[in-house]
Amino acid sequence: MINKEIRVRYAPSPTGYIHIGNLRTALYNYLFARHTGGKFIVRIEDTDQARKVEGAVENLIATLKWAGLDYDEGPEKGGDYGPYYQSERLDIYKTHVDILLQKKKAYYCFCSAERLTALREEQQKQKLNQTKYDKRCLQLSDEEVSANIAKGMPHVVRLNVDPSSTIKFKDDVRGDVEFSGEVVDDQVLIKSDNYPTYHLANVIDDHLMKITHVIRGEEWLPSTPKHVLLYEAFGWDVPVFAHLPLLLNPDRSKLSKRQGDVAVEDYRKKGFLSEALINFIALLGWTAGDDKEFYYIDELIKSFSLDRVNKSGAVFDIEKLNWLNAEHLRRKSDTELIQMLRDDLKTSKYSGNEYSDEYLLKVIHAMKERVSFVQEFYEKGSYFFEEPASYEEAALKKRWKEESPAILSKYSEKISTYENPVKEDFEKILHETAAEMNVGNGNVIHPLRLATSGVSGGPGIFEILDIIGRDKTITRINAILEKLK
Ligand code: GLU
């Protein structure tokens, strides 16, 4: 057997946002192509005029870029290339449908919308399992067809399905799949607006683009017999199919907008790292067969195979995504983290402030084990960026004692004698203050923490003080004393 180059495609319809499931389809195609040294193609299936959404393609391409899923070819576009657009290939579909018409594998249908509705209602009344076109227009003679067309009668072109046939194909996830021709409708191939339907354009392009493996979501499985019939009608080789399992909510219902975010955009906006989302999505329906959960894309490329894709639905577990985000964040280098934090701060209320790399790095080191998202460096660690605006109610009740003001004043007085106190000095002063005031360390630490951070948790108090420095410590002590007077 000649070793054919593996060629796969991601073929989104630009109808709005990108569903997480679509990104998974893109990812699995990408991983398969990279793993096998094949080609990954992006094809925009934009022949459905009614469903077109302004800006959807741009958003799609930007999302792929963000996710790092670069494609390999496509027509020249302003110094760049690709993706392919079906709307630019309409002539190709037209020529091909003519071949099917000649071969009598397809036929013109002039039935009105009213007739089709009546037919459907009648079939539903008879409680037939499935509503199907009744092939009425197949009876028309060539002369009748030509006359109708000459009259300008609206029409579609339909696939001529033999109900007695059995349609078989190989699916790398599901094994051998079989459908009876009985359940396959005479699919419309060319609509009355002259545009091809998804089925026709998809098959023609997959063939012309030499696609070897069609990897897509399970929702396309029922369409596959129609596609196989089209390949056969043209006399073309059928590609290998791989239908990816459904994505489910934790209650095993289909992942839907109602129960949470399903658009990649939503996750991006929330500050998820592309590496984490990719890592997470890779595991939605695929496993390397061990317990490994943390992956960089290179490792995914190395391990990915279609035979390890599951048949059963994959549950979307947001907790796991959060965990992966934290893991990926933690493993970033200091330089990367500084840059990420800097970029993020620009979009925050602290955008007008200047921070040195050295300062940001101290914050990063203090907070790294406590955050899952970049923005949490300044949300959970807001006290590194501004004075506390309020004090945690419960902690105040528990920790703020009658003697707290005197203790804090003492602490403040002592540090003011230092030129530039460091962590050890802050600690030493604590011990001195506790001894002189004749109290336990906790009686100094807790009020001090509240005064300087406003909250009861967080990094070690001396680390916090070291980062904010002497002057801010004193100001914040003065502020709490003033506020709680
Ligand atoms: N255009 C289809 C979609 O929006 C592509 C399905 C396929 O991959 O064949 O998902």
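Scroll up a little and you will see the structure.
Quick caveat, the model's predicted, so the values are computed rather than measured.

Draft legend 1. Spotlight on the overall build of the chain. Broken down by element type, the chain carries 19 helices and 14 strands. Relative to the globule expectation of 23 Å for 485 residues, the C-alpha radius of gyration of the chain, 32 Å, shows a markedly less compact shape. When the 485 residues of the chain are sorted by exposure, 48% land in the buried category. By element, 49% of the accessible surface of the chain is carried by carbon and sulfur atoms, the whole surface being about 24,100 Å². Averaging the positions of the 68 positive and the 77 negative side-chain charges in the chain gives two centres separated by 3 Å.

Draft legend 2. View of the sheet that holds strand 10 (residues 188–190). Pairing is antiparallel across the open sheet formed by three strands, whose spatial order is 6-7-10. A strand with exactly one partner marks an edge of an open sheet, and here the two such strands are strand 6 (106–109) and strand 10. Each strand axis lies, on average, 45 degrees off the axis of its neighbour in the sheet, ignoring direction. With four bridges joining them, strand 6 and strand 7 (residues 156–159) adopt antiparallel strand pairing. Paired with Y107 across the two strands is R158, which belongs to strand 7.

Draft legend 3. Molecular detail of the packing of helix 3 (residues 90–102) against helix 6 (residues 198–208). Where helix 3 contacts helix 6, the two axes come as close as 10 Å, and the packing angle between them is 100 degrees. When the axes of helix 3 and helix 6 are compared, the pair comes out roughly perpendicular. Residues I92, Y93, H96, V97 and L100 of helix 3 touch helix 6, and the partners they reach there are L200, A201, I204, D205 and L208. Taken together, the residues that form the contact of helix 3 with helix 6 break down as eight nonpolar, one polar and one charged.

Draft legend 4. The arrangement of the site of the ligand in detail. In the neighbourhood of the ligand, the contacting residues comprise R9, A11, S13, E45, Y198, N202, R216 and W220. R216 places a polar side-chain atom, nitrogen or oxygen, 2.8 Å from an oxygen atom of the ligand. Computed on the free molecule, the ligand has an accessible area of 290 Å², of which 89% lies beneath the protein chains in the complex. Split by residue class, the shell around the ligand holds three nonpolar, two polar and three charged.

Draft legend 5. Region of interest: the packing of aromatic side chains. The final tally for this structure, using the stated rule, is 22 aromatic pairs. Pairing Y267 with F316 gives two aromatic rings, centres 5.8 Å apart and planes at 50 degrees, and the pair type is tilted. One end of the pair, Y267, is in helix 8 (residues 264–269); the other, F316, is in the loop between strand 14 (314–315) and helix 11 (318–330), and 49 residues separate them in sequence. For the pair formed by Y267 and F316, the shared burial category is buried. Seen from their ring centres, Y355 and Y359 are 6.1 Å apart, and the 15 degrees between their planes marks the pair as stacked. The two residues Y355 and Y359 agree in class, both being buried. Taken together, the ring pairs connect Y267, F272, F280, F316 and F373 into an aromatic cluster. Above the ring of Y28, the side-chain terminus of R24 is found at 5.8 Å from the ring centroid.

Here is what the cut-offs are and how they apply
- Residues numbered from 1 in each chain as written.
- Predicted model: local features only at pLDDT ≥ 70, side-chain atom pairs only at ≥ 80, totals over all residues.
- Heavy atoms only, no water.
- Helix = DSSP H or I, 4+ residues; strand = E, 2+ residues; numbered from the N terminus.
- Rg over C-alpha atoms; globule rule 2.2 N^0.38 Å.
- Buried < 20%, exposed > 50% of the residue type's maximum accessible area, 1.4 Å probe, protein only.
- Areas by Shrake-Rupley, 256 points an atom, 1.4 Å probe, with all protein chains shown as cover.
- Lys, Arg positive; Asp, Glu negative; His and termini not counted.
- Charge placed at Lys NZ, Arg CZ, Asp CG, Glu CD.
- Pairing = 2+ DSSP bridges.
- Axes fitted to C-alpha atoms, helices over the stretch in contact; angles between N-to-C directions.
- Parallel < 35°, antiparallel > 145°, perpendicular 65-115°, else oblique.
- Contact = heavy atoms within 4.5 Å.
- Nonpolar A, V, L, I, M, F, W, Y, C, P; charged D, E, K, R; others polar.
- Near = heavy atom within 4 Å.
- Polar contact = N/O pair within 3.5 Å; in protein donor to acceptor, adjacent residues only side chain to side chain.
- Phe/Tyr/Trp six-rings, centres within 6.5 Å; stacked < 30°, edge-to-face > 60°.
- Lys NZ or Arg CZ within 6 Å of the ring centre and 35° of its normal.

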